[in-house]
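Residue-level structure breakdown
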Amino acid sequence: MCILGIDPGLNITGYGLVEANLNFNPRILEAGVIKTTQKFSLSQKIGKIYQGVKKLVEEFHPDAIVLEELYSHYRHPKTAILMGHARGVISLVAEEKQIPLIGYSSTRVKKAICGRGNATKEQIQRMIQYLLGLEQTPQPKDVSDALALALAHAHIVETDCHRLRKASKSQNLYFFKK
């Protein structure tokens with residue numbers, strides 16, 4: 001399963017492509033950022049994000065795209081509105097290419113990666129480094145956030161499949177491979 005995790009931002013959008021199997025043996029395929037500049041208009045930034053995500057999807061054909069659910073702080077509502085633009089074009093690419101779009105809360109991602117919903121960014125980075133066998137933590141943090149989303153989804157899918165198999169065995173149900 002190829003999973004594209006994306007940490008959307010208007011100036012820096014982090015992405016991480018991870019390949020994982022049902023034994024949760026993840027392998028990094030690609031990671032990086034799509035950068036815009038302060039000089040770009042809002043429409044130029046959105047266009048660049050759209051083109052960058054579309055190119056990734058066309059090259060790697062992910063089975064799922066994972067975004068963090070939008071969170072808005074009452075003191076900074078404009079931030080959520082601006083992030084909505086970036087999320088919107090990512091959602092558009094997912095719809096155009098018929099790729100499932102999955103969203104998780106930051107707490108759910110942290111719990112899937114570190115076992116604690118209140119893990120720090122540094123703990124998440126170190127765990128990603130460990131899980132992917134990297135020599136150093138992924139930089140910038142937008143990349144590690146994107147990889148965390150992809151790895152969290154892989155872990156959640158693996159856990160759900162394990163539970164389903166366990167339940168089916170207790171009910172004498174059997175699954176056959178094609």
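It should be noted that the structure appears before, not after, this text.
Residues numbered from 1 in each chain as written. Predicted model: local features only at pLDDT ≥ 70, side-chain atom pairs only at ≥ 80, totals over all residues. Heavy atoms only, no water.

**Observations concerning the sheet that holds strand β1 (residues 2–7)**
Strand order in the open sheet formed by five strands is β3-β2-β1-β4-β5, with mixed pairing between adjacent strands. Pairing within the sheet leaves two strands with one partner each, and these edge strands are β3 (27–35) and β5 (101–104). Adjacent strand axes in the sheet meet at a mean angle of 20° when their direction is disregarded. (Pairing = 2+ DSSP bridges. Helix = DSSP H or I, 4+ residues; strand = E, 2+ residues; numbered from the N terminus. Axes fitted to C-alpha atoms, helices over the stretch in contact; angles between N-to-C directions.)

**Quick look at the pairing of strand β4 (residues 64–68)**
Counting buried residues in β4 gives four out of five residues, a clear majority hidden from the surface. Across four bridges, β1 lies against β4 in parallel orientation. Across the sheet, the residue bridging to I3 is A64, located in β4. As paired elements, β4 and β5 share four bridges and run parallel to each other. Following the sheet pairing, L67 is matched in β5 by G103. (Buried < 20%, exposed > 50% of the residue type's maximum accessible area, 1.4 Å probe, protein only.)

**A word on the side chain of Q125**
Relative to the elements of secondary structure, Q125 occurs in helix α4 (residues 121–132). Overall, Q125 belongs to the buried group, its relative accessible area being 6%. Residues contacting Q125, with those up to four places away along its chain left out, are T137, P138, Q139, K141 and S144. (Contact = heavy atoms within 4.5 Å.)

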